[in-house]
Amino acid sequence: MPHTRDSSKKILVTGGAGFIGSHLVDRLLAQGHDVLCVDNLFTGSKRNIAHLHSNPNFEFMRHDVTLPLYVEVDDIYNLACPASPVHYQHDPVQTVKTSVHGAINMLGLAKRLNARIFQASTSEVYGDPETAEQCEEYWGNVNPIGPRSCYDEGKRCAETLFFDYNRQHGLDIKVARIFNTYGPNMHPSDGRVVSNFITRALTGQPLIIHGDGSYSRSFCYVDDLVDGILALMETDTGVTGPINLGNRQEITILQLAERVLRLTGSSSKIEFQDRAPDDPKRRCPNLTRARAVLDWAPRIDIDEGLSRTIMYFRKNLS
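Residues numbered from 1 in each chain as written. Predicted model: local features only at pLDDT ≥ 70, side-chain atom pairs only at ≥ 80, totals over all residues. Heavy atoms only, no water.

**Some points on the pairing of strand β1 (residues 10-14)**
For a regular strand, the rule is simple: side chains alternate between the two faces of the sheet.
Alright, step 1. Most of β1 is tucked away: 4 of the 5 residues are buried.
Alright, step 2. Bridge analysis of β1 against strand β2 (residues 34-39) gives 5 bridges, and the strand direction is parallel. Counted as the bridge partner of Leu12 is Leu36 from β2.
Alright, step 3. For the crossover from β1 across helix α1 (residues 19-30) to β2, the handedness is right-handed. (Buried < 20%, exposed > 50% of the residue type's maximum accessible area, 1.4 Å probe, protein only. Helix = DSSP H or I, 4+ residues; strand = E, 2+ residues; numbered from the N terminus. Pairing = 2+ DSSP bridges. Right-handed = clockwise from strand over helix to strand, strands pointing away.)

Following this line, the structure appears as structure tokens:
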């Protein structure tokens, strides 16, 4: 049974000017909520929320979640953290602080307000998995001292904090492990493979593949992901997660590059370089729990999602 709560709420979204956060803010406003968007704009962009400033139900605050925040809200969505390797490896110590101190500050706020709080965790908590599909019971295979560990271990520690606050203080938590997501509002220079391939294809540059292209990913369109986040937030108090949110349509990186070239009509070439350290060979979610608990599954096919994303980048790059 869904959790029955007030239809209109005051909602805090940290990282709300980022890629996923901005889509979530749009959806919450469309549902009639008052939304406070908090972002330090390290990776978020004012462009993603520029169309909202005339909306009387929207408010933006430039703030870093590693510092305490004192506001009055009903629900909290904690999405604040650099999520692409280029960005989270730029200042790895700050990345850990954002995940850990940010979680502590947002959990403390939720405890004071008795608010429901959502944590945007990540498939990176599974590291370089030894299983074909990653289910929530899998503890992962993570290098704790590698170049990606600032993000992987920061998010793992944040999950620990969320569940300890739940056990110790009875806090109403929701934790989702988000797999590779793509769509409009992605930063063109974030280093993620979809945005990287599309921007290079549209500008005539070679598409760079690290490794031989045989390692795989599964890509979820952002609208589907937001559907899953909102469904999780509306579950009963006893449903804490973690719950995988992603798409099981697994493809190799080489297949993705070929798809992007076909859909853009680009004549760019494909070039191969050395594989990045600790880059997972496979990434594919087991969605059994999401289907059973949320009645959720992604609907948008990768060709349709890529076409929408290419249209966005074509417009903004021009």
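**Quick look at the packing of α1 against helix α6 (residues 222-233)**
Alright, step 1. Between α1 and α6, the least distance of the axes is 10 Å, while the angle of their chain directions is 65 degrees. The hand of the α1/α6 crossing is right-handed. Here Phe19, Ile20, His23, Leu24, Arg27 and Leu28 of α1 come into contact with α6, specifically with Val222, Asp223, Leu225, Val226, Asp227, Ile229 and Leu230. (Axes fitted to C-alpha atoms, helices over the stretch in contact; angles between N-to-C directions. Left-handed = near helix turned anticlockwise from the far one by under 90°. Contact = heavy atoms within 4.5 Å.)

**Regarding the nonpolar core**
Alright, step 1. Ranked by internal contacts, the top residues of the largest apolar core, which has 58 residues, are Leu24, Tyr77, Phe118, Ile229 and Leu256.
Alright, step 2. At 7 residues, the largest contribution of residues to this core is made by α6.
Alright, step 3. If we skip the residues at most four places from it in the chain, Phe118 touches Ile76, Tyr77, Asn78, Leu79, Phe162, Lys174, Ala176, Ile229, Leu232 and Met233.
Alright, step 4. The next biggest cluster of nonpolar side chains, apart from the first, holds 26 residues, and it includes Leu12, Ala80, Ile117 and Ile173. (Core = buried A, V, L, I, M, F, W, Y, C linked by side-chain atoms within 4.5 Å.)

**A closer look at the environment of Asp128**
Alright, step 1. Along the chain, the position of Asp128 falls in the loop between β5 (116-122) and α4 (149-169).
Alright, step 2. Here Asp128 falls in the buried class, since its relative accessible area comes to 17%.
Alright, step 3. Measuring from C-alpha to C-alpha, the distance between Asp128 and Gln168 comes to 31 Å, with 40 residues separating the pair along the chain.
Alright, step 4. The contact partners of Asp128, leaving out residues within four places of it in the chain, are Asn141, Arg275, Asp279, Pro280 and Lys281.
Alright, step 5. At a separation of 2.8 Å, a polar atom in the side chain of Asp128 contacts the side chain of Lys281. (Polar contact = N/O pair within 3.5 Å; in protein donor to acceptor, adjacent residues only side chain to side chain.)

**What to know about α1**
Alright, step 1. Taking 1.5 Å as the rise per residue, α1 with 12 residues should run 16 Å; its terminal C-alpha atoms sit 17 Å apart, in good agreement.
Alright, step 2. Every buried residue of α1 is listed here: Phe19, Ile20, Gly21, Ser22, His23, Leu24, Val25, Leu28 and Leu29.
Alright, step 3. Following α1 by one or two positions, Gly32 has its phi on the positive side, about 95 degrees. (Expected span 1.5 Å × (residues − 1).)

**A word on the side chain of Ser121**
Alright, step 1. The residue Ser121 is located in strand β5 in this model.
Alright, step 2. Sequence-distant contacts of Ser121, that is, excluding residues within four places in its chain, are made with Lys155, Glu159, Val175, Ala176, Arg177 and Ile178.

**What to know about the sheet that holds β2**
Alright, step 1. The sheet built from 7 strands is open, its strands ordered β3-β2-β1-β4-β5-β6-β11 with parallel pairing. Only two strands of the sheet have a single neighbouring strand rather than two, namely β3 (58-62) and β11 (243-245). If you compare each strand with its neighbour and ignore which way they point, the axes differ by 20 degrees on average.
Alright, step 2. Bridging between β1 and strand β4 (residues 75-78) involves 4 bridges; their strand directions are parallel.

**Describing the state of the cysteines**
Alright, step 1. Here the structure, examined in full by the defined rule, presents 0 disulfides.
Alright, step 2. This cysteine, Cys220, is not joined by any disulfide, and Cys284 carries the nearest cysteine sulfur, 12 Å off. (Disulfide = S-S within 2.5 Å.)

**Quick notes on the packing of helix α5 (residues 193-202) against helix α9 (residues 302-317)**
Alright, step 1. Orientation of α5 relative to α9, taken along the N-to-C sense of each, is 55 degrees, at an axis distance of 10 Å. Taken together, α5 and α9 sit at an angle that is classed as oblique. In the packing of α5 onto α9, the handedness of the crossing is right-handed. Listed contacts from α9 to Val194, Ser195, Ile198, Thr199 and Leu202 of α5 are Leu306, Thr309, Ile310, Phe313, Arg314 and Leu317.
Alright, step 2. In terms of residue class, the contact of α5 with α9 is built from 7 nonpolar, 3 polar and 1 charged. (Parallel < 35°, antiparallel > 145°, perpendicular 65-115°, else oblique. Nonpolar A, V, L, I, M, F, W, Y, C, P; charged D, E, K, R; others polar.)

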